[in-house]
Amino acid sequence: MEKIKTGANDLLVVVDMQNDFVNGPLGTGQAQRIVAGLAAFIQGFKGQKVYTKDTHSSSYLSTQEGKNLPIEHTVRGTEGWQLVPEIGALVTEQDIILEKPGFGSLALADLIAAHHYDNIYFAGVCTGICVISNAVIAKAADTESAIHILKNLCACVSAESHETAVSAMRLLQMQIIE
């Protein structure tokens, strides 16, 4: 990832790097393995940074998502809702944190539509759910921004679902960076 040259008019979207998705009830070894590399990439990134946070209430299990994924997670204010310490420690006052109640963020779409970025980079979890959802939203919000998926800085529930999502994003004319 050191070979990637980013600029002031680039955007990095760090998707849902929260405790519950890395070390908690929905965590995976794959998610744990990307933390250090992602932290290093964030530190060297030259443009705007956005961190999304999957955000639910205590009534999550009664929502449509909760009925389909009946594992309570990322409830606002809990330890599981917080960004993992290695990533949370890198957030600055210039960065943007977007809470999202579902897979994709319409606030992210608004941000992208209001400011044309040359390149938009995506990293985080889960490749097959929230990363792909937000990358598609970004592509729709600004069809001329180049969308880049940092494949080795994304993780999913399995290697197979990760590869399936990456293949789908490639079909959507997103650049896959390994």
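Residues numbered from 1 in each chain as written. Predicted model: local features only at pLDDT ≥ 70, side-chain atom pairs only at ≥ 80, totals over all residues. Heavy atoms only, no water.

Student: Please give an account of the packing of helix H6 (residues 127–141) against helix H7 (residues 159–171) that cites residues and values.
Tutor: The contact between H6 and H7 brings their axes to 9 Å, and the two run at 15°. As summarised for this structure, H6 and H7 are arranged roughly parallel, according to the angle between their axes. Between H6 and H7 lies a crossing of right-handed hand. Counting all contacts with H6, which are made through Thr 127, Gly 128, Val 131, Ile 132 and Ala 135, the residues of H7 involved are His 162, Ala 165, Val 166, Ala 168 and Met 169. Among the residues forming the contact of H6 with H7, the class breakdown is seven nonpolar, three polar and no charged. (Axes fitted to C-alpha atoms, helices over the stretch in contact; angles between N-to-C directions. Helix = DSSP H or I, 4+ residues; strand = E, 2+ residues; numbered from the N terminus. Parallel < 35°, antiparallel > 145°, perpendicular 65-115°, else oblique. Left-handed = near helix turned anticlockwise from the far one by under 90°. Contact = heavy atoms within 4.5 Å. Nonpolar A, V, L, I, M, F, W, Y, C, P; charged D, E, K, R; others polar.)

Student: Before we move on, could you go through the environment of Val 35 and cite the residues and values that matter?
Tutor: Relative to the elements of secondary structure, Val 35 occurs in helix H2 (residues 29–44). Distance from Val 35 to Ile 87, taken between C-alpha atoms, is 7.4 Å for residues 52 residues apart in sequence. Setting aside anything within four residues of it in sequence, one finds Val 35 in contact with Met 17, Val 22, Val 84, Glu 86 and Ile 87.

Student: I'd love a proper account of unusual backbone geometry, names of residues and values included.
Tutor: Here Val 125 and Cys 126 are connected by a cis peptide whose omega angle stands at -15°. Mapped onto the secondary structure, Cys 126 falls in the loop between strand S4 (119–125) and H6. Positioned with a positive phi, Thr 74 is a non-glycine residue whose angle comes to about 40°. Along the chain, Thr 74 falls in the loop between helix H3 (64–68) and helix H4 (85–88). The phi angle at Gln 173 is positive, at roughly 65°, despite the residue not being glycine. Relative to the elements of secondary structure, Gln 173 occurs in the loop between H7 and strand S6 (175–177). Take Gln 173: its relative accessible area is 59%, and that puts it in the exposed class. (Buried < 20%, exposed > 50% of the residue type's maximum accessible area, 1.4 Å probe, protein only.)

Student: Got a sec to walk through the state of the cysteines? Specific residues and values, please.
Tutor: If you walk through the whole model with that rule in mind, you get zero disulfides. Cys 130 forms no disulfide, and the closest cysteine sulfur to it belongs to Cys 126, at a distance of 7.1 Å. Cysteine Cys 154 remains unbridged, with the sulfur of Cys 156 as its closest cysteine sulfur at 9.3 Å. The exposure class of Cys 154 is buried, given its relative accessible area of 2%. (Disulfide = S-S within 2.5 Å.)

Student: With reference to specific residues and values, describe the sheet that holds S6.
Tutor: Across the sheet, which stays open at both edges, the six strands sit in the order S3-S2-S1-S4-S5-S6 with parallel pairing between neighbours. The open sheet has two edge strands, strand S3 (96–100) and S6, and neither has a second partner. Each adjacent strand pair in this sheet contributes to an overall mean axis angle of 25°, direction not counted. Across five bridges, the pairing between strand S1 (residues 10–15) and strand S2 (residues 48–54) is parallel. Looking across to S2, one finds that Leu 11 is bridged to Gln 48. Sheet strands in contact with helix H5 (residues 106–114) are S1, S2, S3 and S4, and its direction is about 140° off that of S3. Each of strand S5 (146–155) and S6 is contacted by H7, which is oriented at about 170° to S5, the strand it contacts most. (Pairing = 2+ DSSP bridges.)

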